[in-house]
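# Residue-level structural notes
Okay, here's what each chain looks like letter by letter:
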Amino acid sequence: MTWLMAAAGSALQVLVAFVSTIAFAVIFHAPRKELFFTGLTGGTGWLVYLLAQAAGSGVVASSFLATLALAWLSRVLSFSRKTPVTVFLICGIFPLVPGAGIYYTGYNFFMGRDAVALQKGLETIKIAVAIALGTGIVQSLPPFLFHRKKR
Amino acid sequence: MPSSPLELPFQMGQVLLENGAEISRVQETMERVARAYDIGGFDVYVLTNSIFATATEDGVSHSTTFRYVPGTAVHLGRIMAVNQLSREIAEGLHTPEEAMELLSDIRTLPYSPFLSRMFCCAVGSAAFSFLFGGSWVDAVVAFFCGLVLEGYLDFAAKKKLSKFLTNLSASALVTLFGAAFFLMGLGDNMDKIIIGSIIRLVPGVALTNSIRDFFSGDYLSGAIRMLDAILVGGCIAVGVGFIIRLLSVLTGGALL
């Protein structure tokens, strides 16, 4: 029963990630017909993040794997929807961006806990690098991997 | 064509850059359009905040530069529309005059209405507060912080507040509201409320674009945007930390 509860909890989280990505797509003035698909990339990213965490990865590794999946999906969508990758990537990446890291860095820095602040700051940068590597690697892959051959 | 053959590709590049496209897209789009209209000797160099382009027509060379201070305005709809237009131009569907008219339509593509942006910012804040482990009550509080935040951002944009001041003051404002709600007994975790609310400010666009620039070899632009992301992130951290410290001094360390 516990795993069922956990699965339901994760499904809810993925749904929330889906909704939040769409909210950001609206803030960045994405056209209405692409909103659903931006949500998909955000939801997928978070799903992979949760799976990676469940498999025992740390925050940085999970962010990396999630970004790989998200960037992959963005490229596939960009081909099938004939839309710039940026539209899906920028919106979908928001759930992974290290907002919590920035908060804890600022908090501990100003509360005089320098060691913790340094640690959190470093973690924030690590997550940003993980995200960078994830999107960068997928971006560098050759295009034929992302769309079915025509003809 | 109006004044020079450069006008169309140049303006298309400008719209892309202003609305948050990555460097390689700007460059490729401009080159594609120039090729479609047989503009000779077309050469373009794009940076995060400027475009330099040259071309020759009837043996006369034209050059244009464009400078722009990157703001926070990102309009994905306009990027998409210019992308679509450049495809159609490459297929030979439009004369330069027609394309120019279509481009001016793209320029005036509307922003999402203020109220729906405000609502979305609130929903986003609530959703992230929940995703980062906040309770339902935290999410509701973050929802209200999100409303306040987008309202303030709109005000700051109208007053043309600088980017750093905007981020600094906006994160401070959100922290103030989140902490105030928390001190009144609303919300279970102050940190989750505030984390959810500041995600709107976190430089995700700058970070993403910076990476894309780096990996397509535009190191200078990538570095500019990375610096932008780091500075904005720093501003948010300072805004949050300052208010928390202030409140903790005022309340005698109750905020922990």
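Residues numbered from 1 in each chain as written. Chains lettered and ligands numbered in written order. Predicted model: local features only at pLDDT ≥ 70, side-chain atom pairs only at ≥ 80, totals over all residues.

### A word on the overall build of chain B
For clarity, the cut-off: Secondary structure follows DSSP: runs of H or I at least 4 residues long count as helices, runs of E at least 2 residues long count as strands, and numbering of each begins at the N terminus. To sort residues by burial, count the other C-beta atoms lying within 10 Å of each one's C-beta; a count of 20 or more means buried, 12 or fewer means exposed, and anything in between means partly exposed. C-beta atoms are built from the backbone. Placing C-beta atoms from the backbone, we regard two residues as in contact once those atoms come within 7 Å.
Summing up its helical and strand segments, chain B has 10 helices and three strands in all. Going from N to C terminus, chain B has its helices and strands arranged as α-α-β-β-β-α-α-α-α-α-α-α-α. Projecting the C-alpha coordinates of chain B onto the three principal axes gives extents of approximately 75 × 30 × 30 Å. Taking all 256 residues of chain B together, the buried fraction comes to 51%. Taking the contacts inside chain B whose residues are at least 6 apart along the sequence as the reference set, 62% of them involve residues at least 24 apart.

### Notes on the sheet that holds strand β3 (residues 60–67) of chain B
Backbone-to-backbone hydrogen bonds join strands into a sheet, with any given pair of strands oriented parallel or antiparallel. All names here are of chain B. What counts is decided by this rule: Here, a strand pair is defined by DSSP locating no fewer than two bridges between the strands. In this analysis an axis means a line fitted to C-alpha atoms, helices contributing only their contacting stretch, and an angle means the value between N-to-C directions, from 0 to 180 degrees.
Taken together, three strands build an open sheet; the order of strands is β1-β2-β3 and the sheet is antiparallel. Strands at the two margins of the open sheet, each flanked by one partner only, are β1 (40–47) and β3. Across this sheet, the average inter-strand angle for adjacent strands is 10°, counted without regard to direction. Pairing between β1 and strand β2 (residues 50–57): six bridges, direction antiparallel. Considered in β2, the bridge of Gly-40 is made with Thr-56.

### Let's talk about the confidence of the model for chain B
Put simply, the rule reads: pLDDT is a residue-level measure of predictor confidence that goes from 0 to 100.
Residues with a pLDDT of 70 or more make up 95% of chain B, whose mean pLDDT is 88. The ipTM, which scores confidence in the relative placement of chains, is 0.88 for this predicted complex, and the corresponding pTM is 0.88.

### What to know about the nonpolar core
Put simply, the rule reads: In this usage, the nonpolar core is the set of buried Ala, Val, Leu, Ile, Met, Phe, Trp, Tyr and Cys residues whose C-beta atoms join them within 7 Å.
Grouped together as the largest cluster of nonpolar side chains are 129 residues, with contacts concentrated most on Phe28(A), Cys91(A), Tyr103(A), Val174(B), Ile198(B), Ile236(B) and Val240(B). Here Ile198(B) is in contact with Gly99(A), Tyr103(A), Ser171(B), Val174(B), Ile236(B) and Val240(B), once residues within four sequence places are set aside.

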